[in-house]
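Secondary and tertiary structure notes
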Amino acid sequence: MSRADVLGEPVGRSARTPSPLWSLGLFRSELLTTFRRWRTLALLAVLAAVPILVGIAVKIETSDGSSPGGGGGGGGAGPAFISQVSNNGLFLVFTALAATLPFFLPMAIGVVAGDAIAGESSAGTLRYLLVAPAGRSRLLLTKYATVIAFCLAATLVVAVSALAVGALLFPVGDLITISGTRITYAEGLGRALLIALVVAASLVGIAALGLFVSTLTGSGIAAMATTVGLLITVQILDQIPQLDALQPYFFSHYWLSFADVMREPVYWDDLVKNLGLQALYAAVFGSAAWARFTTKDITA
């Protein structure tokens, strides 16, 4: 076997160039492999359980007619939404996303992203993947696309679970935005979908960071633990007042800006900053992952 075969890199005119259909097949294979793992299914089950627990807790707390969360207000996504859940079950979608975004969702993404390359290496399958005409760049891009697909799937699992539980436990109908204006239930569903997409997009930065960490080690467990550790560290640093000059550059700083979608009119400033910051992290750490992966020696 030649070095080009092991590295998955074409040499000369005789090298095979993968067709687009072959690339789609590789992506489909990665999706099936990822979503069939018991670890992935367990993560999705935990995420689906969070809205159920929140909904039951709010239902019990408001069974005597009291208001959950001690009142509303637009100071934060959690308090602003949870105070409205008993009035309209659709607000459980926003509350559940606000509850899972700081830790549960990014932790799940960190586990999947951290295992993307390092997991293949520790299992001894990475070398054989590169024997196929994928090439390192194409394989890395496929891995990242799979992690992004998981970001979307995980977010939708939370949103759909919350939507179902909210409709079962609480009344639904027209709703009041954070700004105090009334919108129809159909428009509220549209904004819930937009919020879910914004939340999914908010995770592309931690996904790229996890993928980069995954290229640095041959241990899937070490990569996952490092990614989750970095997540926790950044979350702590984002709460220290003395670091306020640096905090706007932390990938988690604008995560809860999705609450601005429920304002009338929608307040776009922090939303745009969040999406721009995620794109920057994806570009920087995606490039770092590519530079590392395309130059490292593959021995397993």
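Residues numbered from 1 in each chain as written. Predicted model: local features only at pLDDT ≥ 70, side-chain atom pairs only at ≥ 80, totals over all residues. Heavy atoms only, no water.

With that out of the way, let us pick up the overall build of the protein. Looking only at helices and strands, the protein has 12 helices and 2 strands in total. Ordered by position from N to C terminus, the α and β elements of the protein give α-α-α-α-α-α-α-α-β-β-α-α-α-α. Relative to its 300 residues, the protein shows a buried fraction of 45%. Of the contacts made within the protein by residues no fewer than 6 positions apart, 76% connect residues no fewer than 24 positions apart. A total of about 13,900 Å² of accessible surface is found on the protein, and carbon and sulfur atoms cover 66% of it. (Helix = DSSP H or I, 4+ residues; strand = E, 2+ residues; numbered from the N terminus. Buried < 20%, exposed > 50% of the residue type's maximum accessible area, 1.4 Å probe, protein only. Contact = heavy atoms within 4.5 Å. Areas by Shrake-Rupley, 256 points an atom, 1.4 Å probe, with all protein chains shown as cover.)

Right, let's talk about the confidence of the model for the protein for a bit. Looking at the protein, pLDDT values average 84 and 84% of them are 70 or higher. This model gives residues 1–15 a pLDDT under 50, and the stretch forms 19 contacts once residues within four places in sequence are excluded. Confidence drops under a pLDDT of 50 for residues 71–75, and excluding neighbours within four residues, the segment shows 9 contacts in the predicted structure. (pLDDT = per-residue confidence, 0-100.)

Let us now look at the packing of helix α8 (residues 136–169) against helix α12 (residues 269–293). Between α8 and α12, the least distance of the axes is 10 Å, while the angle of their chain directions is 140°. As judged from the angle between their axes, α8 and α12 are oblique. Read as a crossing pair, α8 and α12 show a hand that is right-handed. Judged by residue contacts, Arg136, Ser137, Leu139, Leu140 and Tyr144 of α8 engage Ala282, Ala289, Trp290 and Phe293 from α12. (Axes fitted to C-alpha atoms, helices over the stretch in contact; angles between N-to-C directions. Parallel < 35°, antiparallel > 145°, perpendicular 65-115°, else oblique. Left-handed = near helix turned anticlockwise from the far one by under 90°.)

On to the packing of aromatic side chains, then. Both the distance between ring centres and the angle between the ring planes are used here to describe each pair of aromatic rings. Counted according to the given criterion, the structure contains 7 aromatic pairs. On the numbers, 5.9 Å between centres and 45° between planes, the contact of Phe35 with Phe150 is tilted. Here Phe35, found in helix α2 (residues 20–36), pairs with Phe150, found in helix α8; they are 115 residues apart in sequence, far enough to count as distant. Phe35 sits in the partly exposed class, given a relative accessible area of 24%. Between Phe251 and Trp255, the aromatic rings sit 5.7 Å apart at their centres with planes inclined by 45°, giving tilted as the arrangement. Considered together, Phe251 and Trp255 belong to a single accessibility category, that of buried residues. Connected via pairs of aromatic rings, a cluster forms that spans Phe212, Phe251, Trp255, Tyr281 and Phe285. It is Arg136 that lies over the ring of Phe293; its NZ or CZ is 5.9 Å from the centre. (Phe/Tyr/Trp six-rings, centres within 6.5 Å; stacked < 30°, edge-to-face > 60°. Lys NZ or Arg CZ within 6 Å of the ring centre and 35° of its normal.)

Here the focus is the environment of Val204. One can find Val204 in helix α10 (residues 204–216). Overall, the relative accessible area of 16% leaves Val204 in the buried class. Sequence-wise, Val204 and Ile109 are 95 residues apart; in three dimensions their C-alpha atoms are separated by 8.9 Å. Once you skip the residues sitting within four places of it in the chain, Val204 turns out to touch Tyr144, Ile148, Gln278 and Ala282.

In the contact formed by helix α3 (residues 38–61) and helix α6 (residues 104–123), the axes pass within 10 Å of each other and the chain directions differ by 170°. In terms of orientation, α3 and α6 fall into the roughly antiparallel class. On α6, the residues touching Arg39, Leu43 and Leu47 of α3 are Phe104, Leu105, Met107, Ala108, Val111, Val112 and Asp115. Partitioned by chemical class, the residues of the contact of α3 with α6 number 8 nonpolar, no polar and 2 charged. (Nonpolar A, V, L, I, M, F, W, Y, C, P; charged D, E, K, R; others polar.)

The subject of this paragraph is the side chain of Thr34. Structurally, Thr34 can be placed in helix α2. Residue classification places Thr34 among the buried residues on the basis of a relative accessible area of 5%. Filtering out sequence-adjacent residues up to four positions away, Thr34 remains in contact with Thr40, Val112 and Thr146.

Moving on to α12. For α12, built from 25 residues, the straight-helix expectation of 36 Å at 1.5 Å per residue is met to within 8% by its first-to-last C-alpha distance of 36 Å. Three or more residues of α12 are buried, namely Leu271, Asn274, Leu277, Gln278, Tyr281, Ala282, Phe285, Ala289 and Phe293. (Expected span 1.5 Å × (residues − 1).)

Here the focus is the nonpolar core. For soluble globular proteins, the rule of thumb is that nonpolar side chains tend to be buried together. Membership of the largest hydrophobic core comes to 77 residues, with the highest contact counts inside it found for Phe94 and Phe258. Counting residues per element, this core draws most heavily on α8, at 11 residues. The contacts of Phe94, once residues within four sequence positions are left out, are Phe81, Leu175, Gly188, Ala192, Ile195, Phe258 and Met262. (Core = buried A, V, L, I, M, F, W, Y, C linked by side-chain atoms within 4.5 Å.)

Omega for the peptide link from Glu264 to Pro265 comes to 0°, which places this bond in the cis form. Here Pro265 lies in the loop between α11 (220–237) and α12.

A few words on a nonpolar patch on the surface. A grouping of Val46, Phe103, Phe104, Ile232 and Ile236 is seen on the molecular surface, where their side chains present a nonpolar patch of about 410 Å² in accessible area. Summarising the element assignment, Ile236 is placed in helix α11. (Patch = residues over 30% accessible without salt bridge, like charges linked within 9 Å, V, L, I, M, F, W, Y side chains within 5 Å. Salt bridge = Lys/Arg side-chain N within 4 Å of Asp/Glu carboxyl O.)

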